[in-house]
Each structure stands twice: as structure tokens, then as C-alpha cells.
Amino acid sequence: MNFVMKQALGGATKDMGKMLGEKEEKDPDAEKKEEERQEALRQQEEERKAKYAKMEAERESIRQGIRDKYGIKKKEEKEAEAQAAMEQASEGSLTRPKKAVPAGCGDEEEEEESIVDTVMKFLPGPLVDMFNKNT
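As the structure is a prediction and not an experimental result, all values here were calculated from the model.

Draft legend 1. Quick peek at the overall build of the chain. Looking only at helices and strands, the chain features six helices and zero strands. Listed N to C, the secondary structure of the chain is α-α-α-α-α-α in terms of helices and strands. The 135 residues of the chain split such that 4% are buried. For the chain, the accessible surface area stands at approximately 13,300 Å², while carbon and sulfur atoms represent 54% of it.

Draft legend 2. Broad picture of the packing of aromatic side chains. For the structure shown, the criterion picks out zero aromatic pairs. We note Lys-51 situated over the ring of Tyr-52; from NZ or CZ to the ring centre the distance is 5.6 Å.

Draft legend 3. Summary view of the pattern of salt bridges. Inspection of every chain in the model, using the stated rule, returns nine salt bridges. Across the salt bridge formed by Glu-45 and Arg-48, the nearest N and O atoms sit 2.6 Å from each other. Placement of both Glu-45 and Arg-48 in helix 3 (residues 30–70) is noted, with a separation of three residues, approximately one turn of the helix. For Glu-45, a relative accessible area of 33% gives the class partly exposed. Two residues, Arg-63 and Glu-60, come together in a salt bridge whose shortest N-O distance is 3.1 Å. Taken together, the residues span about one helical turn, with Arg-63 and Glu-60 both in helix 3 at a distance of three residues. In this structure Arg-63 comes out as partly exposed when scored by relative accessible area, which is 33%. Glu-60 sits in the partly exposed class, given a relative accessible area of 26%.

Draft legend 4. Looking closely at a negative patch on the surface. A contiguous patch of negative charge on the surface is contributed by Asp-29, Glu-31, Glu-35 and Glu-36. Mapping Glu-36 onto the fold places it in helix 3.

What counts as what
- Residues numbered from 1 in each chain as written.
- Predicted model: local features only at pLDDT ≥ 70, side-chain atom pairs only at ≥ 80, totals over all residues.
- Heavy atoms only, no water.
- Helix = DSSP H or I, 4+ residues; strand = E, 2+ residues; numbered from the N terminus.
- Buried < 20%, exposed > 50% of the residue type's maximum accessible area, 1.4 Å probe, protein only.
- Areas by Shrake-Rupley, 256 points an atom, 1.4 Å probe, with all protein chains shown as cover.
- Phe/Tyr/Trp six-rings, centres within 6.5 Å; stacked < 30°, edge-to-face > 60°.
- Lys NZ or Arg CZ within 6 Å of the ring centre and 35° of its normal.
- Salt bridge = Lys/Arg side-chain N within 4 Å of Asp/Glu carboxyl O.
- Patch = residues over 30% accessible without salt bridge, like charges linked within 9 Å, V, L, I, M, F, W, Y side chains within 5 Å.
- Lys, Arg positive; Asp, Glu negative; His and termini not counted.
- Charge placed at Lys NZ, Arg CZ, Asp CG, Glu CD.

See the structure below:
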């Protein structure tokens, strides 16, 4: 009967045996093989990580060479310097640090014109004469 079943199913014997309730044959070296396979996978993963770490180190050395050549600083270095400057400027201060004043905004003493002089420049001639007569 077993032979007839096998032929009817076209040779699908392993799966059929499980379905009929037969006990599965265990390979005595299955655990050993599985451990070897897991170890091989771990070793491959470690090799891959080492390879990519080496590649990244090479890339970083090239990047650093470019930074040195052109005087570029890393983003972290810029932020650290800015933070250090802010801390140094505000050391001992109880208020928040002042914002930097742009160049030309009150640093130099300019000849200040009154508003009236500025308006007079843009007035037509007869109006300027009228203002000059009154003052």
C-alpha cells in the first residue's frame, strides 16, 4: 500500500510521511551541522563589518586630507567652537548672551543728520526756499 501511495503522489514521500504521522528521521549530525552553519554566518558577518569599517576609515582619511587642504572644519568642530565662544562670552553673566552687532550698526561714529536735513534733500527747490526763510 505504501508503494501505491508513493506512486500516486509522484514521489512526494518526505512530506507525505509527515502527514501520515510517521516519525521524522533525525540526522545525528544535524546539531553539529547547524552549529557550524551558525558559526560560518557569524564569521561572514564579522568579516563584512571589518571590511566596511576599513573602507569607512579610508574614506574618512581622504575626507580629512581634503579638509586639511582647503581649511574646512567638521560640523562638530564648528559647533564646539561656537559653543565655547558663547560660554566664554557669557561666563559670570546672569543674562543670556547678547547677539553680535552687524558691522556698520553703531560701531563707528557717523555724522548724524537730522531728519529735517534728510527731508530737505528730497524737497523741490521752492519748498526748500520756503523752509529756509522761516528758519
